[in-house]
Amino acid sequence: MLVMNDIKKVFRTDLVETHALRDFNLQVDEGDFVAVTGPSGSGKTTFLNIAGLLETFEGGQYLLDGQDVSQLNDKARSQLRNEKIGFIFQSFNLIPDLDLFDNVDVPLRYRGFNAAERKRRIESALEMVGLANRMKHLPAQLSGGQQQRVAIARALAGEPRFLLADEPTGNLDTKMAHSVMELLKEINQAGTTIVMVTHDPSLARDAKRNIYVRDGKVSELHSVGQELPDAANA
Amino acid sequence: MLEIGPIFRALMRNKVGAVLIAIQIAITMTIIVNSVFMIVERNEKMQRQSGLDEANTFHISSVGFGEGFNPRSTVEADLAQLRALPGVVDAIQINALPISGGGWSMGLQTEPGAEHDGTGVAVYMVDEHGINALDVEVIAGENFAPSDIRWRASRSPTWPNKVILTKAMVEKLFPDSPWADAVGKTVYINDNDPMIISGIIDKLQAPWVGWDNVENAMLSPERMEFTATRYLIRTQPGQRDRLMPEVEEMLASSNKQRVIRGMRTVEEDRERSYRGDSAMIKILTTVMVILTIVTALGIVGLASFSVNRRRKQIGTRRALGASQGAILRYFMLENFLISSVGVVLGAGLTIGLNILLVNTFEMNPMNWYYIPIGMLVLWLVGQVAVYGPARRAAGIAPATATRTV
């Protein structure tokens, strides 16, 4: 499903070169729920950006669903992102001027679905996250947990094979975080592959697999139940 | 897929900037379209032909003084000298000059009697050389014969019994019959003095370019026995500037009992008469250019602000599958919608201002096609102005979506 071999990513300025990822290797199989932990600056978000085709990389090979993505142009990468990947962001990233219906509609329009198909998918996705009755509300009228649920609905409406979550509970209180985590587990059980970046070891324990990233490399792999390092103090 | 619905709904929820730009576009369109209409009208007015061979014609005044000054012999001698000059096509004594700003006008009527209204006409007193010197064409009837020419004394109230009229004047006097049939008909000047139309000329404008009857002119067969007089000289092509000082010198030296002055080309007369129109065109053009630039900068400013404010949102859209082209289209379309509101509002305001101008300044009503052309231009200005900010938006990296600062 997702295979990264010796991925390298370097950020350059006039003064410094920062190796965000070096010889990064990872394989995520279909149906996996992988939690990626690590200290700040370890390369978690860079990994997520590359996995989600949000950034390019300098070296190595990345196969997404068997397709080598390194030579794709912007249009092809955008299309692949739209069709195969769903994103959940820490800050929800809903568009404040659009109501819930239009927010969930955003990726579906880029997909080129007709109006009836989009409506069906939007209603179904919002129904799944329990917000079908709030379709005409603006994001600002919802709680943080509800906004993240809308973001999840938006990510799932296109029925992606692969869900990337960047600290999905980072801006939520414990109760909301638990609720969102339960929803992600349900989505995973329904067959969607999930890769989640998190600082929270307790959330990571809910995933099927844990990856610990340090200095741009996958330094430790844990199976469920093993003790994880405290990311914040690592 | 075009996002007209979501963009429109989003604009409606955050509309202050968009409404201000739409109003700016509307005002700009109103002023630009009406200005263009006025410029085109003024330009058409300035392009009208006077009927003269303007590039090769000039005029000069002679003012006699002293008891021994004989106007009649002076005019005869001057014309003989002028016509004999190599390079001169023809020369005449004339009382007034087309498009010069000053001249004589009378009223002509088809029935005698003070109870009838006359039609205003510019009067040019010329001899049989008038047709050639003015470079007009007799399109019906005939030119004056030398025997038709009389001498007019100063303050003489009488008129010759023949007249040549412009075609435009004939059509006003006899609107119900073919213009060529007017030859031989009688018109009346000074209410009751009859003049027989001996010829019709194609075109000759009056001295006053802003006059409603500017195309109404008559040639009266007379020379003037006045102390102050004026000569119109038509030269061969390219000879005018060489002949002007020569003529001035010749006239000044041939008779010491007069002053030669006021020598000007007809082109200078045209420039003087249309100076106001020319200045108006320049002012309106400047206002249009400045307004267009200000409006374009306003659009650039709003779009740039919008792009900077929505960097995260753009990154999110990119992350959700928008290509760079889709982001570019989004901002172009957003501007198109704002511009559409502006130009529709502008169309109404443009018509309103035109009605106001028509009623207040007796301008002509604007042709309908100015409105859609104005809308297209403003749409285009908007699209060009927003292209830069839209390109910058399209260049925002999708990874911006995951950045927390």
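Residues numbered from 1 in each chain as written. Chains lettered and ligands numbered in written order. Predicted model: local features only at pLDDT ≥ 70, side-chain atom pairs only at ≥ 80, totals over all residues. Heavy atoms only, no water.

Residues and elements named next belong to chain B. Interaxial distance between helix α2 (residues 16–47) and helix α8 (residues 275–309) falls to 9 Å at its minimum, and their mutual angle equals 160 degrees. What the angle tells us is that α2 and α8 run roughly antiparallel. Of the two elements, α2 crosses α8, and the hand of that crossing is left-handed. Looking at side-chain class alone, the contact of α2 with α8 contains 18 nonpolar, ten polar and three charged residues. (Axes fitted to C-alpha atoms, helices over the stretch in contact; angles between N-to-C directions. Helix = DSSP H or I, 4+ residues; strand = E, 2+ residues; numbered from the N terminus. Parallel < 35°, antiparallel > 145°, perpendicular 65-115°, else oblique. Left-handed = near helix turned anticlockwise from the far one by under 90°. Nonpolar A, V, L, I, M, F, W, Y, C, P; charged D, E, K, R; others polar.)

Here the focus is the pairing of strand β2 (residues 17–28) of chain A. Looking along a regular strand, one sees the side chains alternate between the two faces of the sheet. Where strand β1 (residues 2–12) of chain A lies against β2 of chain A, eight bridges are found, and the strand directions are antiparallel. Opposite Arg12 of chain A, over in β2 of chain A, you have Glu17 of chain A as the bridge partner. (Pairing = 2+ DSSP bridges.)

Attention shifts here to the domain arrangement of chain B. The domain boundaries assigned to chain B delineate domain 1 (4–47 + 275–402) and domain 2 (70–256). A separation of 54 Å is found between the C-alpha centroids of domain 1 of chain B and domain 2 of chain B. (Domains from an automatic or database assignment.)

So, about the pairing of strand β8 (residues 193–197) of chain A. Residues and elements named next belong to chain A. In terms of burial, β8 is a largely internal element, five of the five residues being buried. The two faces of β8 match: Thr193, Val195 and Val197 on one face and Ile194 and Met196 on the other face are all buried. Relative to β8, strand β3 (residues 33–37) runs parallel, the two sharing four bridges. If you follow Val36 over to β8, its bridge partner there is Val197. Relative to β8, strand β7 (residues 162–166) runs parallel, the two being bridged by five bridges. Residue pairing across strands places Asp166 opposite Val197, the latter belonging to β8. Between the parallel elements β7 and β8, the chain passes through helix α6 (residues 174–189) in a crossover that is right-handed. (Buried < 20%, exposed > 50% of the residue type's maximum accessible area, 1.4 Å probe, protein only. Right-handed = clockwise from strand over helix to strand, strands pointing away.)

Attention now moves to the interface of chain A and chain B. Taken together, the contacts link 29 residues of chain A with 26 residues of chain B. Buried area between chain A and chain B, summed over both chains or domains, comes out near 2,500 Å², and the portion from carbon and sulfur atoms is 55%. Per-residue buried area on chain A facing chain B is highest for Asp97, Arg109 and Tyr110 of chain A; these three make up 29% of the total on that side. In this assembly, chain A and chain B are joined by three salt bridges. One can count twelve residue pairs in polar contact (both at pLDDT 80 or more) joining chain A with chain B. At the level of secondary structure, the elements contributing two or more residues to the side of chain A that touches chain B comprise α1 (44–51), α2 (74–84) and α3 (100–111) of chain A. (Contact = heavy atoms within 4.5 Å. Buried area = accessible area lost by both parts, 1.4 Å probe. Salt bridge = Lys/Arg side-chain N within 4 Å of Asp/Glu carboxyl O. Polar contact = N/O pair within 3.5 Å; in protein donor to acceptor, adjacent residues only side chain to side chain.)

Turning our attention to unusual backbone geometry. Residue and element names in this part refer to chain A. Look at Asn93: it is not a glycine, yet its phi comes out positive at around 55 degrees. Note on placement: Asn93 falls in the loop between β6 (85–88) and α3. Of note, the phi angle at Glu167 is positive, near 45 degrees, even though the residue is not glycine. Mapped onto the elements of the fold, Glu167 is located in the loop between β7 and α6.

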